[in-house]
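Each chain, written out:
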Amino acid sequence: MTRRLSVAERLASTEKDALLDDIARHSEWDRFLVEQAVLHFGERYITFSCNQIREQLPELGSGFLGAAINSLRTAGIIAHTGQYVPSTSAATHGHPIAVWTLTGKGRLIAARRRAARTRKAAA
């Protein structure tokens, strides 16, 4: 027998669904910007956090950066280091956020993109 959800639980679920719909509506351009920022920081630094990335990006919708980071993690492009730093976003009140590093797959993608830009600039 399944448990019936309370009114508060149903409202919370509805709000969560609305947030996920908003995140899904972001353009490919937004995803491209996040991916480029992650690859940039991953190539230049051994580890990085969303604090560094957020400083370089235009304002994105609520939750989008986190969703994009999770997608890159799931794809095996970045990996969690097991470390955390305090968030610099005022909305998060300084809660801990993950520190990331590029995986071998991520480094290969970054190197290929860099080589393609170099070839294009030379042409």
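Residues numbered from 1 in each chain as written. Predicted model: local features only at pLDDT ≥ 70, side-chain atom pairs only at ≥ 80, totals over all residues. Heavy atoms only, no water.

## Side note on the side chain of Ser87
Then, number 1: With respect to the secondary-structure elements, Ser87 resides in the loop between β2 (78-86) and β3 (96-102).
Then, number 2: By relative accessible area, which is 7% here, Ser87 ends up buried. (Helix = DSSP H or I, 4+ residues; strand = E, 2+ residues; numbered from the N terminus. Buried < 20%, exposed > 50% of the residue type's maximum accessible area, 1.4 Å probe, protein only.)

## Section: the pattern of salt bridges
Then, number 1: Within this structure, the stated rule accounts for three salt bridges.
Then, number 2: Two residues, Arg113 and Glu35, come together in a salt bridge whose shortest N-O distance is 3.7 Å. Note that Arg113 is positioned in helix α5 (residues 104-122) and Glu35 in helix α2 (residues 28-44), a separation of 78 residues in sequence.
Then, number 3: The class for Arg113 is partly exposed, based on a relative accessible area of 29%.
Then, number 4: Across the salt bridge formed by Arg114 and Glu43, the nearest N and O atoms sit 2.4 Å from each other. You can see Arg114 sitting in helix α5 and its partner Glu43 sitting in helix α2, a full 71 residues away along the chain.
Then, number 5: Residue classification places Arg114 among the partly exposed positions, given a relative accessible area of 40%.
Then, number 6: Shared partners join several salt bridges into a network, and the residues in it are Glu43, Arg44 and Arg114. (Salt bridge = Lys/Arg side-chain N within 4 Å of Asp/Glu carboxyl O.)

## Some remarks on the confidence of the model for the protein chain
Then, number 1: Here the protein chain averages 81 in pLDDT, while 76% of its residues score no lower than 70.
Then, number 2: At the level of individual helices and strands, the protein chain shows its lowest average pLDDT in helix α1 (residues 7-24), which scores 58, and its highest in β2, which scores 96. (pLDDT = per-residue confidence, 0-100.)

## So, the sheet that holds strand β1 (residues 48-49)
Then, number 1: Pairing in this open sheet of three strands is antiparallel, and the strands run β1-β3-β2 from one edge to the other. The open sheet has two edge strands with one neighbour each: β1 and β2.
Then, number 2: For β1 and β3, the ladder comprises two bridges, and the chain directions are antiparallel. Bridge pairing in β3 places Phe48 opposite Trp100. (Pairing = 2+ DSSP bridges.)

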